[in-house]
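# A closer look at the structure
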Amino acid sequence: MLRRLLTLIVLVLGLGRPLGAQQADSIEVIFFDVGQGDAVLVRSFEGRAALIDAGRNSSILDYLREYHVDSLDLVITSHPHEDHIGGMPTVLGMFAVAAYIDNGQRYRKGDWKLVEWVLGRMGVPRTAARAETFALGSTSLRILPPPGMGGDTNNESVGVLLEFGKFKALFTGDSQYEELQYFLSLGMPTVTLMKAAHHGARNGLIPGWAEATKPEVVVVSVGRNNSYGHPDPWVLRYYGLFAKAIYRTDVDGTVRVIGHRDGTWRVETAAVELGAAPTGRR
Ligand SMILES: [Zn+2]
């Protein structure tokens, strides 16, 4: 990509700074560079915070500390696979968590048993995803419950639609064809920001998905040199038809999207290309 060849210098910005006055009336959506996995922090300018997934290990702890998070109003597990829940026992054990949502599946693997044990031990109320909306200050998080057809765990990922004025973001865990089709059948809105489902795998994008949601910026949470071949070049190309910018954590590191109530946004990454940070205006 030419843009990358033109990279002149890599600047490390103060990614870890707490929200200050200059950030008023904005929302932060931070895709942590947790390797092959997902961990997304949503923070409102009022200082309310939610975490969607926790990566595959306790490195999430360092990130949350770096961003001065000490409590979480809501924690969501999209689905109980290791690359989404590996860091969850650490999060639930070390941070004050007011509410917790997962897909309600009983999963037998050891990692998940530990999550259940810590939930009980810490007295965190556990709720299976249902159609409801959480207020995170002036940001709303609409829970999109999975179809509950008892199929593949990826296709039982809890979805989340974030709305802050005209700025909207959509997260669908590791949804594949069947679940994306289900969400699409419910009617998905156009969004500003999209987390590419299933780490940008080819089965994480269906015909009609990008056309319906028309994301302006797409973020792929994916590990360097992962053995799955994620993200799929076809997926990147297809999203590229609609999006002004596509970021991937294996290349860009942690990706921080700052959204404004009027729908505009800007992006900061750990590796910043001089003069190339795109902004969007609807
Ligand atoms: Zn995954």
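Everything below is about the structure shown above.
So, how was this worked out
- Residue positions within a chain follow its written sequence, with the count starting from 1.
- Only residues with pLDDT of at least 70 are given local features in this predicted model, and only at 80 or more are side-chain atom pairs given and counted; all residues enter the totals for whole chains, interfaces and linings.
- Hydrogens are left out, water is left out, and the side-chain values use all remaining heavy atoms of the structure.
- A pair of strands is treated as paired once DSSP finds two or more bridges between them.
- A helix here means a DSSP run of H or I that spans at least four residues, while a strand means a run of E at least two residues long, and both kinds are numbered starting from the N terminus.
- Interaxial angles span 0 to 180 degrees and are taken between N-to-C directions of axes, which are lines fitted to C-alpha atoms, for helices over the stretch in contact.
- Between buried and exposed lies partly exposed: a residue is buried under 20% and exposed over 50% of the maximum accessible area for its type, with that area taken using a 1.4 Å probe on protein chains only.
- Directions pointing from the helix axis toward each C-beta atom define the arc.
- Any pair of residues with heavy atoms lying within 4.5 Å of one another is described as a contacting pair.
- Distances decide who is a donor: an N, O or S atom must be within 2.8 Å of the metal, or within 3.2 Å for Na, K and Ca. Water is not included, so sites may look incomplete.
- Each label reflects the angles at the metal, where four donors whose angles all fall between 85 and 135 degrees are tetrahedral, four or six donors whose opposite pairs open beyond 155 degrees and whose other angles stay between 65 and 115 are square planar or octahedral respectively, and the rest are irregular.
- Salt bridge criterion: a side-chain nitrogen from Lys or Arg within 4 Å of a carboxyl oxygen from Asp or Glu.

### Comments concerning the sheet that holds strand S13 (residues 167-171)
Spatially, the seven strands line up as an open sheet ordered S10-S11-S12-S13-S14-S15-S16, and their pairing is mixed. If you trace the sheet from one side to the other, it starts and ends with strand S10 (133-136) and strand S16 (245-248), each paired once. Neighbour-to-neighbour, the strand axes of the sheet open up by a mean angle of 15 degrees, direction not taken into account. For S13 and strand S14 (residues 193-195), the ladder comprises two bridges, and the chain directions are parallel.

### Details of helix H6 (residues 177-186)
Buried within H6 are the following residues: Glu179, Leu180, Phe183 and Leu184. End-on view of H6: buried residues confined to an arc of 140 degrees, all on one side of the axis. Where H6 is buried, its residues contact strand S11 (139-144), strand S12 (159-164) and helix H7 (209-213).

### Remarks on the coordination of the zinc ion
Between any two of four tetrahedral donors, the ideal angle at the metal is 109.5 degrees; between two of six octahedral donors, it is 90 or 180 degrees. Protein coordination at the zinc ion comes from Asp83 (OD), His84 (NE2), Asp174 (OD) and His199 (NE2), with a distance range of 2.0 to 2.1 Å. Metal-centred angles of 90 to 153 degrees between the four donor atoms at the zinc ion mark the site as irregular. Each donor residue of the zinc ion belongs to the same chain, and together they define the spacing D-H-x89-D-x24-H. Taken together, the residues aspartate 174 in the loop between S13 and H6 and histidine 199 in the loop between S14 and H7 connect sequence positions 25 residues apart.

### Points about unusual backbone geometry
That bond from histidine 230 to proline 231 is cis: its omega, -5 degrees, falls within 30 degrees of zero. Within the secondary structure layout, proline 231 lies in the loop between strand S15 (217-220) and helix H8 (233-240). Here lysine 214, not a glycine, exhibits a phi torsion of approximately 40 degrees, which is positive. With respect to the helices and strands, the residue lysine 214 is situated in the loop between H7 and S15. In this structure lysine 214 comes out as partly exposed when scored by relative accessible area, which is 44%.

### A word on the pattern of salt bridges
Going through the model one piece at a time under the given rule, you end up with 16 salt bridges. For aspartate 25, the salt bridge goes to arginine 261, with nearest N and O atoms at 2.7 Å. One end of the pair, aspartate 25, is in the loop between strand S1 (10-11) and strand S2 (26-31); the other, arginine 261, is in the loop between strand S17 (255-260) and strand S18 (265-269), and 236 residues separate them in sequence. Among the residues examined, aspartate 25 registers a relative accessible area of 31% and is labelled partly exposed. In this structure, lysine 244 engages glutamate 216 in a salt bridge whose closest nitrogen and oxygen atoms are separated by 3.7 Å. Of this pair, lysine 244 sits in the loop between H8 and S16 while glutamate 216 sits in the loop between H7 and S15, and the two are 28 residues apart along the sequence. Look at glutamate 216 and you get buried, because its relative accessible area is 7%.

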